[in-house]
Each structure stands twice: as structure tokens, then as C-alpha cells.
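Fold and geometry: a report
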Amino acid sequence: MAAEKPSSKGQAWFCTTGLPSDVIIEVDDMTFHLHKFPLMSKSRKLHELITEQEKSLATGRTTRIQTPSESTQQLDNDSEEKQEIQEEQENEEDEEQCHITLPDFPGGSESFETAAKFCYGVKIDLSATNVAPLRCAGEYLEMTEEYSEDNLISKTERFISQSVLKNIKHSIRTLTSCEGILPMAENLGIVQRCIEAIASKAAASDPSLFGWPVNDGAANYKGGNETNPRRKFGNATRAGAATVDSWLDELGLMSLSLFRRLIHAMKALNLSGEIIESCLIHYAKKYIPGISRTTRKPSSSSTSVPTENEQRELLETIISNLPKEKTLRSAPNATRLLFGLLRTAYILNASEACRLTLEKKIGSQLEQATLDDLLIPSYSYLNETLYDVDCVERILGYFLEGMEESSATGVEEEDENTSVRSAALMLVGKLIDGYLSEIASDANLKPEKFYGLAVALPDHARLFDDGLYRAVDVYLKAHPWISEADREKICGVLDCQKLTLEACTHAAQNERLPLRAVVQVLFFEQLQLRHAIAGTLLGADAGTGAEAERLSSQSVGEEEEEENETGRAVAVVGRPQEGSSTWRAAVRENEVLRLDMDSMRTRVHELEKECTTMKKAIEKIDKMGTRGQAEKGGWRAKFGCKFKTQVCDSQEPTVVDTRKTRGHRRTQ
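How each quantity is defined
- Residues numbered from 1 in each chain as written.
- Predicted model: local features only at pLDDT ≥ 70, side-chain atom pairs only at ≥ 80, totals over all residues.
- Heavy atoms only, no water.
- Helix = DSSP H or I, 4+ residues; strand = E, 2+ residues; numbered from the N terminus.
- Buried < 20%, exposed > 50% of the residue type's maximum accessible area, 1.4 Å probe, protein only.
- Contact = heavy atoms within 4.5 Å.
- Areas by Shrake-Rupley, 256 points an atom, 1.4 Å probe, with all protein chains shown as cover.
- Arc of directions from axis to C-beta.
- Axes fitted to C-alpha atoms, helices over the stretch in contact; angles between N-to-C directions.
- Parallel < 35°, antiparallel > 145°, perpendicular 65-115°, else oblique.
- Left-handed = near helix turned anticlockwise from the far one by under 90°.
- Nonpolar A, V, L, I, M, F, W, Y, C, P; charged D, E, K, R; others polar.
- Core = buried A, V, L, I, M, F, W, Y, C linked by side-chain atoms within 4.5 Å.
- pLDDT = per-residue confidence, 0-100.
- Salt bridge = Lys/Arg side-chain N within 4 Å of Asp/Glu carboxyl O.
- Phe/Tyr/Trp six-rings, centres within 6.5 Å; stacked < 30°, edge-to-face > 60°.
- Pairing = 2+ DSSP bridges.
- Polar contact = N/O pair within 3.5 Å; in protein donor to acceptor, adjacent residues only side chain to side chain.
- Expected span 1.5 Å × (residues − 1).
- Patch = residues over 30% accessible without salt bridge, like charges linked within 9 Å, V, L, I, M, F, W, Y side chains within 5 Å.

The name given to the protein in an unreviewed UniProt entry is BTB/POZ domain-containing protein, with the source organism recorded as Sesamum angolense.

Listed below in C-alpha cells is the structure:
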């Protein structure tokens, strides 16, 4: 058999068996020159059409089945005699041959060519991509088992049931090939069988193993002879993960209508949200550009980029089918892709319900997001800020609502759930502090927006307020024109008790902070230093007393051993030496601690002097500003300080002075 392509009559396909063809079949733009008897032996439909043609030729009438062939060309009066003779010969040959046209043949000329080869007894190679068109071609040509044994219909049905439906990747390819033959493929049940096979294979696989589906991973894995079990496990894991990605990528070849039916079938089988979410994300990455920031450029494949309306429809389909609950193994990469979908939803101007659904989904797993994910640009002209702060505030609200619901419903497993929730809350607190530091330099960010986002988190979401202090400092530096009331309001989000010593030292010298905030920072810095000194002194006293008691008891024990046992003199002599070395080490440690305490004491005295000077200045300002007014509380009520002035008083007896007084009384 061979194919020739004349330039004038389109494409022609000839069967090179040595015998002249006696039947011409036209399928699409291809003309097949074949023989009657091989076709009539396998196809009932062709047998009927050829028999009808022969009867028409016998009665002297030329009948064309279906649509007639192209009209003969008009000859010019001055044409050559040779061309007339050739045309007469061709007309005689055409009268002897049967002409059949098969419109709307399933699978086109390529499918009919394979079916014709099957009629001639040529071995055909069935695959996942051509079995569905061939099955429909067999149905169209009525190549049934009753008409001829081992016919095309039975052959393709065996391949579908024994090969295609047992492999998830083959099922996806066969389902994709049904798009061009959908009316007949749907009637024959090929589409529904493939969808059910894909859903069942995905449901039977376990994502926690090497990679689902396990059967495909085992079939493609070539490292069975590996002797090292650890290396073998790693190779199998990588092979399974690659297999999962391969068949998930195959989903991108489907049309949206078939993919929507597949997702509905997966939900009907109650598949895990992780599998459904992975399928949706992979499909969205195929057709919606710009979801992932690493793959902004369009792919170089031959697939055309869908229009904006098609992308919007696809996006709303993807988001509406996403699992509402948080998946068990949601990876940071999946959260990043969800943020990509959200940005695309704003760009494509998707419906508000679609955006809110996606924001709730992101809020359920906000602890897995990164700072880069939260930096969503403002796509609306109504927003003056560079980034969409309102969107992040809504997502944070959904996260906190989910935390409250989980804490209210999970009373039974209190210990485990509480630890998980607190860890997630701390991660989100750190994330929001970083986001505040990033947007604080925006000149159009209003103080109310900054304050509202900063106080949205509960107090136990932050172990330290250093990140929040950094954000406040950046905001005050970028907005020097705001009023003093707004500055105090912004600084009011800080809890000075949660600032580390380094943050307190920086805040005490920060000229951008209001005076009230500086005073509070100085107070808590002094309080931290006093607690540190007190703890150090108490630890040193306890260590010295314990060491002295240990040495005295050891010496008493040695004296008793000397009196009772004279034979152990050598061993007894060694122990006092060991005790004396320990005593010398303890003395050295105490000297080092005293030096450290002296330096800390000097620092405390300096801070007390600074605090006393500031207190006098504030009292002077208070007296000058409040003449004629009886203002309760003085400068403390004015600046909102709730601590007593005697804490900063240098005359207050310290722990060292107390110890000295006690020692003096004992000597007396």
C-alpha cells in the first residue's frame, strides 16, 4: 500500500497490490482507491453501498450515494486531441468503478485508512489515542462480530477494557481523543467509562505512599535490582512523584467540558481534597498564564492561548470546584499557586463571589504563605496604596475566624490542637509583621489602615514585638507629617514588655517616637535589667552556699574515714585536693560574675540618672502647662503612664544594698 499526493486532485491513497482498484471512497479531502471484496468481507455498510452501486451501474444509471463528487471540468473547444482521448479513457474507467462518499466519518481520513488496512488483513497498532476513533469507525462501518469473526469492533473493545481502562494515563489520553467524535463516543459509552476509570484509579491510590497511582509508578520504575534499600526507596519515591506529575499534566489536554465532568465524578466518589486540588491547579497552570511568577512567559507549544472570556470562565470553574476545607498536606507551593489564582482573578475581573471563595480558601492555610505571596498589587483605581491592604486584611480575618471555629469545636483533643493552632498563629503573626514592614514605606498608606492591620492579631500571636516595632519605626520615618495623636496611636500597638533588650535600647534613642513611648520603653528596659541582676545575684548566692555545704560535708566525711579506717589514707588524701580545685574554680566564677554585675550596676545607675532628669523636666513642663488647673495625676495622667515614679528613683534600695545591710547587721 502506498499514498500519493497529486497536486491537482487533492490527496489520493492507492492500494499497491498489483490489481487495479474497482472502488473509490472519499473521506474528507482524501480519495481512497481500493478493492471491493476486502471491504465487503468486513463491513456490512460498505457491502450494502457497493451492491447498490453495482445495481445502478447494471441498469445504466449512475447513482452517487450521499453527496455527489466534484463536477467534471468543461473542455475548451481548442483542446488537443490527445487530452480528449485520455479523458474518454478516464470516463470509461470511472463508469466501471464505484464512487462512494462517507461524510462525517468519525476520526476522519486517518481513521478510515487504519480501518481499510484492517480490512486488507494488515496488522494495525492500537493505542490509547486511536482506539476510540477506530471503535467509532467500526460502529459507523458496521464491522460487527456477527458479520465477520474477529472484527474491528470486538478488537477495539478488548483493547479498551484490557489495556486502556486499567491505566490512568491511557484513560486520560483516550478520553481526550473522544473530543472530535463526541456524539458517537458518548453514545457508545467510551467517555463515561474513561471518566469512571480515571476517578476510580485516583480514588484507589494513596497520596502518602511513593506517589499515586502506585501501579503506574511500579511499572515505570526501573530500579528493581538496587541492593541498597535506602537508595532504592529514594529512587522509587522520585519515580512515583514523576509519574504523578506526568498523568496530571495529561489533564491539560482535555477540553473544559470533559474536565468539568471528570471533577464532578471525582467528587461523587468522595476523593480526598488533595487529589482534586492538584488536578485543578495543574489544569489551571496549563491554560491560564501568569499564575506562577516563575512561568510568566507563554509556553511554546502549539496550543492556542484562550481568550479573556474563556480564561475567566475557566478560572471561575477552577475556583468553584476547589475544596472548601484545608487539605491535609497543603504545600507552600500550592498556597503560592492559590495566590496566583487570586491575582489572576483580579486581573480578569472575575465575579466577587469567586474572589471571596478564593480568599476564604487562602485564609484556611495562611500560615503556609510567604511575604512575597501577600504582596498583591492594587489592580483597582480606587485604591491609592501600592498593595491591596484590604484583601490581606480580609484573608487574615478568615484565618482568625477559622481559628476560632476550630478552637470551639476541637475541645476533646485540646492539647494537640492547641499546640498546632498556637504554632500556626505565631507563624501568621510573624508574617503580618513582615508585611507591615514592607507596606509601611508607602506614602499613601493611612494611619487607620496600618493600625487596623496591626491590632487585628490577638496578643498571644506575637512572642516578641520586635518585628512590629520595626514596622512602626519604618512607618514613622516614611510619614513625618502625621499628627502627634496619630503617632501616639501608631505607637500604642506596641507592647513594651515584649520588646527585647536590643529593641528597647534602639527605641530609647529613637527620636521619631513620641515622649510617652520613650518613657515607657525606658521603664521596662530598667525593669528587665533589674530582674536580670536580681536573678544573677540570687543564682550566685545559691551556688556559693551549695558549694560550701558540699565541701564541708565532704571534709567531715573524710575526717570520719581517717579515724575509722587507717588503711585508706591514700584515697582520703586525694579528695581534699579535688575539693580545693573545685573551690578555686567556684571563686573564679564568682569574680567573673561580680565584674559583670558591676558593669550592669553602672549601666543601671546611668539609666536612673537619665530617668530622673527626664522626670524633673516633665514635672517642670507639667507645672508650666497646668497653672490654674487642678489636673489629677499630673504628667502621669497626661501621658498615660501607669507606673509609679519611685521605680525609677535612684534612692530605692537595690538587691545589693539589701545584702550589704543584712551582712552589716550580722557582724554587729
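Topic: the overall build of the protein
In terms of regular secondary structure, the protein is built from 27 helices and five strands. Buried positions account for 41% of the 668 residues belonging to the protein. In the protein, the proportion of contacts linking residues at least 24 apart, taken out of those at least 6 apart, comes to 70%. Approximately 38400 Å² of the protein is accessible, and the part contributed by carbon and sulfur atoms is 51%.

Some thoughts on the side chain of S109
Counting through the fold element by element, S109 comes out in helix α4 (residues 108-119). For S109, a relative accessible area of 17% gives the class buried. In contact with S109, other than residues within four places in its own chain, are V27, D28, M30 and F32.

Topic: unusual backbone geometry
Of note in this structure, N270 is not a glycine but carries a positive phi near 55 degrees. Tracing the sequence through the fold places N270 in the loop between α12 (256-268) and α13 (273-287). The exposed category is assigned to N270, whose relative accessible area is 69%. One non-glycine residue, N349, lies in positive phi territory at about 60 degrees.

Things to note about helix α23 (residues 501-508)
Along α23, the positions that sit buried rather than exposed are A503, C504 and A507. The buried residues of α23 occupy an angular sector of 100 degrees when projected down its axis, which confines them to one face.

Examining the packing of helix α21 (residues 466-478) against helix α22 (residues 484-491)
Between α21 and α22, the shortest axis-to-axis distance is 10 Å and the interhelical angle comes to 165 degrees. The angle between α21 and α22 falls in the class roughly antiparallel. As for how α21 packs across α22, the hand of that crossing is right-handed. Taking contact as the criterion, the partners of V472, Y475 and L476 in α21 are, on α22, R487, I490 and C491. By residue class, the composition of the contact of α21 with α22 is five nonpolar, no polar and one charged.

A look at the nonpolar core
Soluble globular proteins tend to pack their nonpolar side chains together in the buried interior. Counting residues in hydrophobic clusters, the biggest one holds 111 residues, and the most contacted among them are M254, M266 and L366. If near-sequence neighbours (up to four positions away) are discounted, M266 is found in contact with I198, A199, A202, L271, I276 and C279. The next biggest cluster of nonpolar side chains, apart from the first, holds 29 residues, and it includes I100, L141, M143 and L152.

Description of the confidence of the model for the protein
When pLDDT is averaged across the protein, the result is 74; 67% of the residues are at 70 or more. In this model, residues 208-227 is a region of pLDDT below 50 whose contacts with residues beyond four sequence positions or in other chains number 36 contacts. Throughout residues 229-242 the model reports pLDDT below 50, and contacts reaching past four residues in sequence, or to other chains, amount to 16 contacts.

Some details on the pattern of salt bridges
This model, assessed by the stated rule, comprises 15 salt bridges. Between E139 and R135 there is a salt bridge; the shortest N-O distance is 3.0 Å. Placement of the pair is E139 and R135 together in helix α5 (residues 131-140), with a separation of four residues, close to one helical turn. In this structure E139 comes out as partly exposed when scored by relative accessible area, which is 35%.

As for the packing of aromatic side chains
In the structure shown here, the tally under the stated rule is seven aromatic pairs. Taken together, a centroid distance of 5.1 Å and an interplanar angle of 75 degrees make the contact between F105 and Y140 edge-to-face. Of this pair, F105 sits in the loop between β5 (98-101) and α4 while Y140 sits in helix α5; the two residues are 35 residues apart in sequence, bridging distant segments of the chain. Seen from their ring centres, F259 and Y283 are 3.9 Å apart, and the 5 degrees between their planes marks the pair as stacked. With F259 in helix α12 and Y283 in helix α13, this pair connects stretches of sequence that are 24 residues apart. In this structure F259 comes out as buried when scored by relative accessible area, which is 1%.

Digging into the pairing of strand β3 (residues 23-27)
Among the five residues that make up β3, four are buried, leaving the element largely enclosed by the rest of the structure. Pairing of β3 with strand β4 (residues 30-34), which is carried by five bridges, proceeds in the antiparallel orientation. Residue V27 lies in a different strand from β4, and its bridge partner there is M30. Between the end of β3 and the start of β4, which pair antiparallel, lie two residues, with D28 showing a positive phi angle near 55 degrees. Pairing between β3 and β5: four bridges, direction parallel. Considered in β5, the bridge of V23 is made with C98.

Some thoughts on the side chain of S111
The topology assignment puts S111 in helix α4. Here the side chain of S111 touches P133 through a polar contact of 3.4 Å, landing on its backbone oxygen. In contact with S111, not counting residues within four places along its chain, are F105, P106, P133, L134 and A137.

Focus: the environment of G138
Within the secondary structure layout, G138 lies in helix α5. Remark: the alpha-carbon pair of G138 and S43, spanning 95 residues in sequence, is separated by 8.2 Å. Contacts of G138, omitting those with residues within four sequence positions, involve M143, L152 and I153.

Here we look at α21
Here α21 contains 13 residues, and its C-alpha end-to-end distance of 18 Å stays within 8% of the 18 Å for a straight helix at 1.5 Å per residue. Residues of α21 that are buried include every one of G467, L468, Y469, A471, V472, D473, Y475 and L476, and no others.

Considerations on a nonpolar patch on the surface
Taken together, the side chains of M426, L463 and F464 define a hydrophobic patch exposed on the protein surface, amounting to about 310 Å² of accessible area. One can find L463 in the loop between α20 (447-454) and α21.

Describing the environment of L436
By the secondary structure assignment, L436 is in helix α19 (residues 414-439). L436 sits in the buried class, given a relative accessible area of 0%. Expressed as a C-alpha distance, the spacing of L436 and G467, which sit 31 residues apart in the sequence, is 8.9 Å. Contacts of L436, omitting those with residues within four sequence positions, involve F450, L453, A454, L468 and A471.

Side note on the packing of α5 against helix α6 (residues 152-164)
Contact pair α5 / α6: the axes reach a minimum separation of 8 Å and the direction vectors enclose 150 degrees. When the interaxial angle is binned, α5 and α6 end up roughly antiparallel. α5 and α6 meet at a crossing whose hand is left-handed. Of the residues in α6, those in contact with V131, L134, R135, G138 and E139 of α5 are L152, I153, T156, E157, F159, I160 and V164.

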